[in-house]
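# Structure assessment
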Amino acid sequence: MGFYKDLADSVVIQNKGKKKVLIDHKDTLTLIGVGRSAFVFKIKNTNKVIKVFFPTHRHFAYEEAMVYQVVQNIDYFPTIYEFGWNYIVINYIEGYTLFDCLTRGIQVSAKEIKEVESAILVAQSLGLNPSDIHLRNIIITTEGKIKMIDVARFRQAKLCPQWEDLRTAFYRFYTKPLFPKRLPSFLLNTIAFLYKRCFY
Ligand SMILES: Nc1ncnc2c1ncn2[C@@H]1O[C@H](COP(=O)(O)OP(=O)(O)OP(=O)(O)O)[C@@H](O)[C@H]1O
Ligand SMILES: [Mg+2]
């Protein structure tokens with residue numbers, strides 16, 4: 001128990017205006033991702049990651065842990081090992097997020113999109129409301145399987161149209177032969193920014 005808490009406690013985050021700046025962390029942590037609510041680190045010599053939430057988003061640690069407990073036996077979701085008041089520990093997923101796939105030109109197939117659909121259906125059948133499903137929250141593993149991460153908002157009541165819209169864009173644009181299979185990250189980030197501005 002103390003091991004992961006010590007790791008989380010070593011993470012020092014400072015506010016710089018609206019931005020969060022990572023000031024310090026133990027050497028055994030390697031930063032592998034950052035989102036709107038947390039820094040994510042791989043723990044050295046393990047296949048685990050620790051997601052340390054920003055002080056302003058601490059409450060999501062418990063929320064996300066509760067959702068992971070509901071989907072623990074479902075292969076589309078990571079395993080959770082522990083959680084604390086500002087962190088969760090889950091397994092490291094080797095692969096590329098859909099965002100990485102689009103910016104690197106790695107082809108995404110309809111099979112993968114259908115797997116995401118299956119993951120959503122299973123989560124719904126367990127009483128959850130899968131929300132905030134976007135390109136950086138879906139990983140295609142090195143074995144070609146789908147893993148869904150960042151489930152903190154799966155218990156919210158509000159309906160979230162993001163996945164529906166992404167799926168529509170996949171079939172309406174991405175699958176067309178002339179549509180580019182590699183897109184610049186600034187373009188994807190701009191679309192995501194405008195989408196959130198207009199629809200949230
Ligand atoms: N278990 C994992 N294995 C590998 N990479 C991960 C894992 N968890 C998170 N990441 C990476 O870290 C990034 C940020 O993680 P996560 O989506 O959980 O943070 P967040 O702050 O909740 O994001 P959001 O901005 O979507 O709310 C992910 O997009 C992914 O690239
Ligand atoms: Mg995320």
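Just so it is clear, the model here is predicted, and its values are computed rather than measured.

## With respect to the domain arrangement of the protein
The assigned domain composition of the protein is domain 1 (2-91) and domain 2 (95-191). Between domain 1 and domain 2, the C-alpha centre-to-centre distance is 22 Å. The interface of domain 1 with domain 2 comprises 13 residues on the first partner and 15 residues on the second. Residue classes in the side of domain 1 that touches domain 2 are distributed as ten nonpolar, one polar and two charged.

## Overview of the site of ligand 1
Around ligand 1 there are 20 residues in total, and Gly33, Gly35, Arg36, Arg136 and Asp150 lie nearest to it. Those elements that provide at least two residues to the shell around ligand 1 are strand S3 (29-34), strand S4 (38-43) and strand S5 (48-53). Among the elements that take part in the shell around ligand 1, S3 stands out by supplying three residues, more than any other. When grouped by side-chain class, the residues that make up the shell around ligand 1 number eleven nonpolar, five polar and four charged. Counting only domains with at least three residues in the shell around ligand 1, you end up with domain 1 (2-91) and domain 2 (95-191).

## Some remarks on the pairing of S3
As judged from the five bridges shared by S3 and S4, these two strands associate in the antiparallel manner. Bridging from a neighbouring strand, Leu31 pairs with Phe41 of S4. Hairpin geometry of S3 and S4 is characterised by an intervening segment of three residues between the two adjacent antiparallel strands.

Here is what the cut-offs are and how they apply
- Residues numbered from 1 in each chain as written.
- Chains lettered and ligands numbered in written order.
- Predicted model: local features only at pLDDT ≥ 70, side-chain atom pairs only at ≥ 80, totals over all residues.
- Domains from an automatic or database assignment.
- Contact = placed C-beta atoms within 7 Å.
- Nonpolar A, V, L, I, M, F, W, Y, C, P; charged D, E, K, R; others polar.
- Near = placed C-beta within 6 Å.
- Helix = DSSP H or I, 4+ residues; strand = E, 2+ residues; numbered from the N terminus.
- Pairing = 2+ DSSP bridges.

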